[in-house]
Amino acid sequence: MGLLSRLGRDSRLLRIAIYGEPVLREKAAPITEVTEELRELAEKMTTTMYENETKGIGLAAPQVGVSLRLVVIDTSSDEPPSPNASPGELLLEPRMPLVLVNPEITGVSAETSVYHEACLSIPELSGDVVRPVVVRLKTQLLDGEAVEIECGGLLGRCLQHELDHLDGIMFVDRMDEEDRAEIAEDLRILERQAKKRLSKGRR
Ligand code: ZN
């Protein structure tokens, strides 16, 4: 795949693609084989997620310029799990950070909630997004283990945000029209900056 030649072997951290860069709007390709290179990518993505200026709780491969269906996630906390935590939070949070290979959402709850979201690819902007409270996650983990489980709480929310990235969707697309109008000019500025970087031959 030649992933790492594109990513640069030296740096521990990967450059995060910013709103306006076309890779964020592509539909990412499924992963056919977990190679050593893919593991290295996942590790660098995890480090990048933790060490970014604003620490992230999830990062999708398109956000580091790689259009593959790979997500890293860590929504764990030091708090004991809440008594109404979902099966997914109970199973997966103790094992975080997790690498999800070809993750899918196979079902969602009718109940929705509002949460104020942000994104490492859209610096300094945030907004309210309505999403289902619980989702059914079907994924492979890096070691090949297959998991299908219901995830709620912050995990359920974060999964929906990250999996959207694999289909070129960003949280601002899901904000209501009024809220979006308020940040429209900031988004246009980011788009213009991305165009400038591209025309200078930098990614
Ligand atoms: Zn994001």
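Provided above is the structure to which this section pertains.
Only a predicted model underlies this, so the values are computations on that prediction, with no experimental measurement involved.

Caption draft 1: Spotlight on the pairing of strand S5 (residues 122–132). Bridge analysis of strand S4 (residues 112–119) against S5 gives eight bridges, and the strand direction is antiparallel. For Ala118, the partnering residue across the bridge sits in S5 and is Ser126. Linking S4 to S5, which pair antiparallel, is a turn of two residues.

Caption draft 2: Looking closely at a negative patch on the surface. A contiguous patch of negative charge on the surface is contributed by Asp128, Asp176, Glu177, Glu178 and Glu182. If you tally residues by element for the negative patch, the top one is helix H5 (residues 177–199), at three residues. When you line up the elements, Glu182 lands in helix H5. Since its relative accessible area comes to 63%, Glu182 is described here as exposed.

Caption draft 3: The coordination of the zinc ion, seen in detail. Those protein atoms acting as donors to the zinc ion are Cys119 (SG), His161 (NE2) and His165 (NE2), and they sit at 2.1 to 2.3 Å. Counting residues between consecutive donors of the zinc ion along the chain gives the motif C-x41-H-x3-H. With Cys119 in strand S4 and His165 in helix H4 (residues 153–166), this pair connects stretches of sequence that are 46 residues apart. Here Cys119 matches His165 in class, with each residue buried.

Caption draft 4: The arrangement of the environment of Leu91 in detail. Within the secondary structure, Leu91 sits in helix H3 (residues 87–92). Apart from residues no more than four positions distant in its own chain, Leu91 is found in contact with Val147 and Ile149.

Caption draft 5: Seen up close, the nonpolar core. Residues Met45, Leu70, Ile122 and Val172 are the most contacted members of the largest nonpolar core, which totals 35 residues. At the level of secondary structure, the elements contributing two or more residues to this core comprise helix H2 (36–51), strand S2 (70–73), strand S3 (98–108), S5 and H5. With five residues, the single largest contributor to this core is H2. Excluding its chain neighbours within four sequence positions, the residues that come into contact with Ile122 are Tyr19, Met170, Phe171, Val172, Leu187 and Leu190. In this structure, Leu100, Val135, Leu141 and Cys158 belong to the second largest nonpolar core, which totals 19 residues.

Caption draft 6: Looking closely at a nonpolar patch on the surface. Together, Ile57, Tyr115 and Leu154 make up a nonpolar patch on the protein surface, roughly 230 Å² of accessible area in all. Mapping Leu154 onto the fold places it in helix H4.

Caption draft 7: Looking closely at unusual backbone geometry. Cis geometry marks the peptide bond from Met96 to Pro97; its omega dihedral reads 10°. For Pro97, the location among the structural elements is in the loop between H3 and S3. For Asn102, which is not glycine, the phi dihedral falls at a positive 50°. Residue position: Asn102 is located in strand S3. By relative accessible area, Asn102 is classed as partly exposed at 24%. Despite not being glycine, Glu124 shows a phi value in the positive range, around 70°. Secondary-structure assignment places Glu124 in strand S5.

Caption draft 8: Summary view of H4. Taking 1.5 Å as the rise per residue, H4 with 14 residues should run 20 Å; its terminal C-alpha atoms sit 21 Å apart, in good agreement. Most of H4 sits out of view: 12 of its 14 residues are buried. Considered for burial, the residues of H4 that qualify are Leu155, Gly156, Arg157, Cys158, Leu159, Gln160, His161, Glu162, Leu163, Asp164, His165 and Leu166. Immediately downstream of H4, the backbone of Gly168 shows phi near 75°, a positive value.

What counts and what doesn't
- Residues numbered from 1 in each chain as written.
- Predicted model: local features only at pLDDT ≥ 70, side-chain atom pairs only at ≥ 80, totals over all residues.
- Heavy atoms only, no water.
- Pairing = 2+ DSSP bridges.
- Helix = DSSP H or I, 4+ residues; strand = E, 2+ residues; numbered from the N terminus.
- Patch = residues over 30% accessible without salt bridge, like charges linked within 9 Å, V, L, I, M, F, W, Y side chains within 5 Å.
- Areas by Shrake-Rupley, 256 points an atom, 1.4 Å probe, with all protein chains shown as cover.
- Salt bridge = Lys/Arg side-chain N within 4 Å of Asp/Glu carboxyl O.
- Lys, Arg positive; Asp, Glu negative; His and termini not counted.
- Charge placed at Lys NZ, Arg CZ, Asp CG, Glu CD.
- Buried < 20%, exposed > 50% of the residue type's maximum accessible area, 1.4 Å probe, protein only.
- Donors = N, O, S within 2.8 Å, 3.2 Å for Na, K, Ca; no water.
- Contact = heavy atoms within 4.5 Å.
- Core = buried A, V, L, I, M, F, W, Y, C linked by side-chain atoms within 4.5 Å.
- Expected span 1.5 Å × (residues − 1).

So, to be careful, I would describe these as geometric facts and stop short of saying anything about function.
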